[in-house]
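Examining the three-dimensional arrangement
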Amino acid sequence: MKVQMGKHELEMNSDYLTELRSSNDILDDTEALKERLKEDGYLLIRNFHDRKKVLKARYDILEKLQQMGRLDPHAPLEEGVIGPEEKGAAFMGFAEKLKKEIPDVVELSESDRVMRFFDRLLGGECLTYDFKWPRAVARGGNTGAHYDNVYMGRGTRNLYTVWTPLGDVPLELGPLVVCLGSQHFEDVKNTYGKMDVDRDNVEGGWLTDDPYEIVEKFGGKWATTSFNAGDAIIFGMFFLHGSLNNMTNRYRLSMDTRYQLKSEPVDERWFGSGAKGHYAWGKGRVKTITEARKEWGI
Ligand SMILES: O=C(O)CCC(=O)C(=O)O
């Protein structure tokens, strides 16, 4: 099957794009999970969440999109068919505010099931950042390749992203795509990976929107899968990822949320009272990623 990442077409099961492997076979073996996360850079877990809770969270966002006039009024709400404006929507925000607007989304990100999983994986009591990143991606929308460290790298390095599709997300709906091996791209980690968008003010924060460039220059291989409601993929701060394009007339709904040990330092932009999110990024003189990469020599 052919998929699209930005302007570039990729063939599934080719030299550039392969299938993610599930870790459900080792789900009860914490040591094996840790080893897999270190080795592969990610854990794909089917039915990580309670599917019913995912569908409730999906409904919250669909209702919001309906109120915003973003859905096709002639199609059933559950299908999330994009309205004539063809606009995406970001619902990103702090839990305190989101609890009033999309409470089931917040509940899903902080559920006992998720928190106890991280307590076990990281070997101590865990917390999740107050800021949540729910997204409704319209037709043609996608995310370019980036390390999450450039957005949330001020606390512990032992911080993890959970990407959760809010509904079934087959390939054509534009699921997350990761670059296998990118956790070992030392030149990229030591330059681009050390960037902080609020300090360095680099436009977008993406390393590139060209998946081929990464493989040809640095190595690795892209990987994705068809996700079902309930599934999730977990990865660390130095693992290149982005998303495929949504090639359909339905919204791709998802959220990304962050987890770490309570005992380790947090990135204060995203957690605790007074957290303010990105406070300087995009203000004043913005550097392009092309300029920044020239300076870094990558
Ligand atoms: O959902 C997307 O398009 C991007 C998500 C992402 O970058 C993340 O989970 O860190």
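So, here's what we can say about the structure. Please read these numbers as outputs of a predicted model, since none were measured by experiment. Along each chain, numbering runs from 1 in the same order as the chain's sequence is written. Local features in this predicted model are restricted to residues of pLDDT 70 or higher, and side-chain atom pairs are both shown and tallied only at a pLDDT of 80 or more, whereas totals for entire chains, interfaces and linings draw on every residue. By convention in this description, side-chain values take in all heavy atoms of the structure and omit both hydrogens and water.

1. Focus on unusual backbone geometry
With a phi close to 55°, Asn47 is a non-glycine residue in the positive phi region. Numbering of helices and strands runs from the N terminus, with a helix taken as a DSSP run of H or I at least four residues long and a strand as a DSSP run of E at least two residues long. For Asn47, the position within the fold is in the loop between β4 (42-45) and α2 (51-67).

2. Overview of the site of the ligand
Surveying the vicinity of the ligand reveals 13 residues, the closest of which are Thr143, His146, His241, Arg252 and Arg258. Within the side chain of Asp148, an N or O atom sits 3.0 Å from an oxygen atom of the ligand. Between Arg258 and the ligand, the recorded distance is 2.9 Å, taken from a side-chain N or O atom to an oxygen atom. For the ligand, the accessible surface in isolation is 290 Å², of which the surrounding protein chains cover 99%. Those elements that provide at least two residues to the shell around the ligand are β9 (160-165), β13 (241-243) and β14 (252-261). At 4 residues, the largest contribution of residues to the shell around the ligand is made by β14. Any residue with a non-hydrogen atom lying within 4 Å of a molecule or strand is treated as near it. N or O atoms closer than or at 3.5 Å make up a polar contact, with two conditions inside protein: a donor-capable atom paired with an acceptor-capable one, and, for residues adjacent in sequence, both atoms drawn from side chains. The protein chains shown are the only cover counted for residues, whose accessible areas, like all others here, come from Shrake-Rupley with a 1.4 Å probe.

3. Points about the side chain of Asp40
Of note, Asp40 is situated in helix α1 (residues 30-40). In terms of polar contacts, Asp40 uses its side chain to reach the side chain of Arg21, at 3.0 Å. Not counting chain neighbours up to four residues away, the residues in contact with Asp40 comprise Arg21, Gln183 and Phe239. In this description, contact between two residues means that some pair of their heavy atoms is separated by no more than 4.5 Å.

4. A few points about the sheet that holds strand β3 (residues 17-19)
Spatial strand order, β3-β11-β10-β13: 4 strands in an open sheet with mixed pairing. A strand with exactly one partner marks an edge of an open sheet, and here the two such strands are β3 and β13. Direction aside, neighbouring strands of the sheet carry axes that sit 35° apart on average. With 3 bridges joining them, strand β10 (residues 176-180) and β13 adopt antiparallel strand pairing. Looking at the pairing, Val178 lines up with His241 of β13. Strands are labelled as partners when DSSP assigns at least two bridges between them. Here an angle of 0 to 180 degrees is reported between the N-to-C directions of two axes, which are lines fitted to C-alpha atoms, with helices fitted over the stretch in contact.

5. Description of the nonpolar core
Buried Ala, Val, Leu, Ile, Met, Phe, Trp, Tyr and Cys residues form a nonpolar core when they are joined through side-chain atoms within 4.5 Å. We call a residue buried when its accessible area falls under 20% of the maximum for its residue type, exposed when it is over 50%, and partly exposed in between, using a 1.4 Å probe and counting protein chains only. Tyr192, Ile214, Trp222 and Leu240 are the most contacted members of the largest nonpolar core, which totals 37 residues. Of all the elements in the fold, those that place two or more residues in this core are β1 (2-5), β8 (131-137), α6 (149-152), β10, α9 (211-218) and α10 (289-296). No other element matches α6, which puts 3 residues into this core. Within the second largest apolar cluster, 23 residues are counted, among which are Val54, Leu65, Leu71 and Tyr251.

6. Quick look at α9
Where α9 is concerned, the buried positions are Pro211, Ile214 and Val215. What you see down the axis of α9 is that its buried residues fit within an arc of 90°, all on one side. Looking at the buried positions of α9, the neighbouring elements they touch are β1, β2 (8-11), β10 and β11 (221-224). Near the N-terminus of α9, the side chain that reaches the backbone nitrogen of Tyr212, with its oxygen 2.9 Å away, is that of Asp210. Of all possible arcs, the one meant is that of the directions from the helix axis to the C-beta atoms.

7. Section: the packing of aromatic side chains
For Phe, Tyr and Trp, rings pair up if their centres lie within 6.5 Å, where Trp contributes its six-membered ring, and each pair is then called stacked (planes under 30 degrees apart), edge-to-face (over 60) or tilted (otherwise). A full pass over the atoms with the stated rule returns 17 aromatic pairs. Pairing Tyr147 with Phe238 gives two aromatic rings, centres 5.6 Å apart and planes at 65°, and the pair type is edge-to-face. Here Tyr147, found in the loop between β8 and α6, pairs with Phe238, found in the loop between β12 (232-235) and β13; they are 91 residues apart in sequence, far enough to count as distant. Residues Tyr147 and Phe238 agree in their burial class; the two are buried. One aromatic cluster in this structure is built from Phe48, Phe117, Phe118 and Tyr259. Our definition puts a charge over a ring when NZ of Lys or CZ of Arg is within 6 Å of the ring centre and also within 35 degrees of the ring normal. Residue placement shows Lys276 over the ring face of Tyr279; its charged tip is 5.0 Å from the ring centre.

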